[in-house]
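Notes for the structure review
Listed here are the chains, written in short residue letters.
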Amino acid sequence: MAPGGTAPKRRERGEIEALPSGSLRVRVYAGVDSLSGKRNYLVETVPAGPKAAAEAEKVRRRLVHEVDEQRSPRTKATVNQLMDRYLELVDVDETTLIRYEQVIRVHIRPLLGHLPVSKLNGETLDAHQALLRRCRSHCDGRPFIEHFTEQPHECNARCGTHLCHPLAVSTIRKAYFCLSGALTRAVRWRWITVNPMDQAEPPRGAKSDPDPPSAEQAAAILNAAFKDVWWGVFLWVAMTTGARRGELCALQWDRLDLDRATATIRTAIAQQNTRTWEKDTKTHQQRRLALDSSTVGLLRAYKQRCIEEASALGLELAPDSRVFSAAVDHSTWRRPSSITNRYVRMCKRLGWDMHPHQLRHYSATELIAAGVDVRTVAGRLGHGGGGSTTLRAYTAWVAEADQRAVKNLGVRMPEPPIRLEESSATAAAAATVDSPYQKIAADLRAAITCGALLPGDFLPTVEMLKERYQVSAGTANRAIAVLKIEGAVSASRGKRAIVANGATRRQTEAS
């Protein structure tokens, strides 16, 4: 007890300081900053006026209650610091992380990075979205001259008045999700007590607008592509399977079972600038696709051609070599960007603005038009959204429905180039027979029609055919005799069989 029997006056928490302007600044200690380790204060200024003192006292009591109830922010960290911590801890694929970093660097840091996390609110976040919807360059709406380079230069036709272009809806949503993920973690880390994203309006959903090539356009694309055999086969497989660009770049020969007419998609090639690497598929799920007879025939002939090109240089194709490669021994994969660039240039010469992803749209559209159920289509394309349940029940879609899908795949496929048509016909014949000599004849016939064996070229010797197909000499001779009867090869006693002149033309007439 104090002298006189009165209790000592309790010390008030916080302080109220008079500023030269007459305003009052209220400051309350809120603990140690969890990020910087420094003392953290809640500060609020009350404008000057006759009731400023009473209002400042109310503010002081409110801030003290926030601290006692642990409703005050524990840090003065900025959005930039939050994003640094978020990117450090977020668990996503490398390609996804690269995209997140790009969106944060270009569309979040310049606009919100300097703000304290505790100062974000629904209005600030809505205004951020509105700016992105108005102009991807974040301009303030005032006209200005946009220069083609930031270096000193003389202006020319490439410099002109800036025109606002809105940011793509998908990119706006990506920025929103980055902010939402970071701020959700900030609440969990107790950097802030309330998530301001709960007060902001989510961006509208991205509108799906698939624009696949028509059957006529697909036919023109294939005719132009088959001037280079590997390129034509690549696009044909892309159309028939709906596989992604990176998945086809990663495809290996040992994942193609041409006898069972299946292809297994396990990995994909990712690319950032000039660096490429192999990774899981987009949905982290492998899938096995049934191949139609035309595709099997093409791949058989294409593989034989690749083997002979490698053999000519004393090389061999390893079982795990890539199906599509710029190396003679197929030891390396092709860059996904090179596929896109070549496809875009080819379509531009044909008068169309197209990209390779539209081939997936084409495959899906044709399958659905043929009556294949969406569950099966999602499984074949490896969709992770609407097809997530399908992928978890892998064996459910790969059996009967997938076989129906591959049978219906050719319902609206375009008319292929002549060589492609011939290979398809011979492959179909090979797929419907079981006799070893018929299979050998079908493979040789496909090699002739796709150009792997040209008129005047020698056929493999009987010994080579015996070793390759594990058959007797009589079976190999019988296969060559079949081709001789068809007029595809020329052979006489004691001489090695050669491809006959006009063999391709005669087989086309026969079909």
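We now turn to the structure provided with this report. (Residues numbered from 1 in each chain as written. Predicted model: local features only at pLDDT ≥ 70, side-chain atom pairs only at ≥ 80, totals over all residues. Heavy atoms only, no water.)

1. What to know about the overall build of the protein
Across its full length, the protein carries 20 helices and 12 strands. For the protein, buried positions account for 42% of its 511 residues. Considering only contacts within the protein whose residues lie at least 6 apart along the sequence, 64% involve residues at least 24 apart. Per element, the accessible surface of the protein, about 27,900 Å² overall, is 50% carbon and sulfur. (Helix = DSSP H or I, 4+ residues; strand = E, 2+ residues; numbered from the N terminus. Buried < 20%, exposed > 50% of the residue type's maximum accessible area, 1.4 Å probe, protein only. Contact = heavy atoms within 4.5 Å. Areas by Shrake-Rupley, 256 points an atom, 1.4 Å probe, with all protein chains shown as cover.)

2. Side note on the nonpolar core
Ranked by internal contacts, the top residues of the largest apolar core, which has 43 residues, are Trp231, Leu235, Leu256, Tyr302 and Tyr343. For this core, the elements supplying multiple residues, two or more each, are helix 6 (215-225), helix 7 (229-241), helix 8 (245-250), strand 7 (262-265), helix 9 (293-311), helix 10 (336-349) and helix 11 (358-369). The leading source of residues in this core is helix 7, at 10 residues. Contacts of Leu235, omitting those with residues within four sequence positions, involve Ile221, Leu222, Ala225, Tyr343, Met346 and Leu359. (Core = buried A, V, L, I, M, F, W, Y, C linked by side-chain atoms within 4.5 Å.)

3. Let's talk about unusual backbone geometry
You will see that Asn273, though not glycine, has its phi angle at about 60°, which is positive. Looking at where Asn273 falls in the secondary structure, it is placed in the loop between strand 8 (267-272) and strand 9 (275-280). Residue class for Asn273 comes out exposed when judged on its relative accessible area of 64%. One non-glycine residue with positive phi stands out, namely His330, at about 55°.

4. What to know about the sheet that holds strand 3 (residues 39-46)
Taken together, three strands build an open sheet; the order of strands is 1-2-3 and the sheet is antiparallel. This sheet does not close on itself; its edge strands, each paired only once, are strand 1 (15-18) and strand 3. The average angle at which neighbouring strand axes cross in this sheet is 30°, direction not considered. Both strand 2 (residues 24-32) and strand 3 contribute to a ladder of seven bridges, which runs antiparallel. (Pairing = 2+ DSSP bridges. Axes fitted to C-alpha atoms, helices over the stretch in contact; angles between N-to-C directions.)

5. Considering the side chain of Gln129
Tracing the sequence through the fold places Gln129 in helix 4 (residues 122-134). Here Gln129 is in contact with Ile172, Tyr176, Glu201, Pro202 and Pro203, once residues within four sequence places are set aside.

6. A word on the pairing of strand 9
For strand 8 and strand 9, the ladder comprises six bridges, and the chain directions are antiparallel. Considered in strand 9, the bridge of Gln272 is made with Arg275. The hairpin formed by strand 8 and strand 9 contains two residues between the paired strands, and Asn273 there has a positive phi angle of roughly 60°.

7. With respect to the packing of helix 3 (residues 94-112) against helix 5 (residues 169-188)
Look at helix 3 against helix 5: their axes get within 10 Å of each other, and the N-to-C directions meet at 80°. The orientation of helix 3 with respect to helix 5, classified from their angle, is roughly perpendicular. Within the contact between the two elements, helix 3 uses Arg99, Tyr100, Val103, Ile104, His107, Ile108 and Leu112 and helix 5 uses Thr171, Lys174, Ala175, Cys178 and Leu179. Its residues placed into classes, the contact of helix 3 with helix 5 shows eight nonpolar, two polar and two charged. (Parallel < 35°, antiparallel > 145°, perpendicular 65-115°, else oblique. Nonpolar A, V, L, I, M, F, W, Y, C, P; charged D, E, K, R; others polar.)

8. A few points about the packing of aromatic side chains
Aromatic ring pairs: the centre-centre distance and the angle between the two ring planes describe each pair. Following the criterion strictly, the structure yields nine aromatic pairs and no others. Ring geometry for Trp189 against Trp191: centres 5.5 Å apart, planes inclined by 55°, an arrangement best described as tilted. Relative to Phe324, the ring of Trp230 has its centre 6.5 Å away and its plane inclined at 50°; by these criteria the two rings are tilted. In this pair, Trp230 is assigned in helix 7 and Phe324 in the loop between helix 9 and helix 10, connecting sequence segments 94 residues apart. Here Trp230 and Phe324 have matching classes, each one buried. Here the aromatic cluster, defined as three or more aromatic residues joined through ring pairs, consists of Trp230, Trp231, Phe234, Trp253, Tyr302 and Phe324. Looking at Arg478, its charged tip hangs above the ring of Tyr437, at a distance of 3.8 Å from the centre. (Phe/Tyr/Trp six-rings, centres within 6.5 Å; stacked < 30°, edge-to-face > 60°. Lys NZ or Arg CZ within 6 Å of the ring centre and 35° of its normal.)

9. Points about helix 10
In a regular helix each residue adds 1.5 Å, so 14 residues correspond to 20 Å; helix 10 covers 20 Å between its end C-alpha atoms and thus fits that length. Where helix 10 is concerned, the buried positions are Pro336, Ile339, Thr340, Tyr343, Met346 and Cys347. End-on, the buried residues of helix 10 take up no more than an arc of 140°, which puts them together on one face. Those residues of helix 10 that are exposed and angled more than 90 degrees off the buried face are Lys348 and Arg349. (Expected span 1.5 Å × (residues − 1). Arc of directions from axis to C-beta.)

10. A few points about the pairing of strand 7
Of the two faces of strand 7, the one carrying Thr262 and Thr264 and the one carrying Ala263 and Ile265 are both buried. Across two bridges, the pairing between strand 6 (residues 256-257) and strand 7 is antiparallel. Paired with Asp257 across the two strands is Thr262, which belongs to strand 7. Linkage of strand 6 to strand 7, two consecutive antiparallel strands, is achieved through a turn of four residues, within which Ala261 is found at a positive phi near 55°. Of the strand pairs in this sheet, strand 7 and strand 10 (residues 287-290) are connected by four bridges, and their pairing is antiparallel. Paired with Thr264 across the strands is Arg288, a residue of strand 10.

11. Details of the sheet that holds strand 10
The three strands lie next to each other as 6-7-10, forming an open sheet whose pairing is antiparallel. Strands at the two margins of the open sheet, each flanked by one partner only, are strand 6 and strand 10.

12. Brief notes about the state of the cysteines
In total, this model carries zero disulfides according to the counting rule given. Free of any disulfide, Cys139 has its nearest neighbouring cysteine sulfur in Cys164, separated by 3.2 Å. Residue class for Cys139 comes out buried when judged on its relative accessible area of 7%. (Disulfide = S-S within 2.5 Å.)

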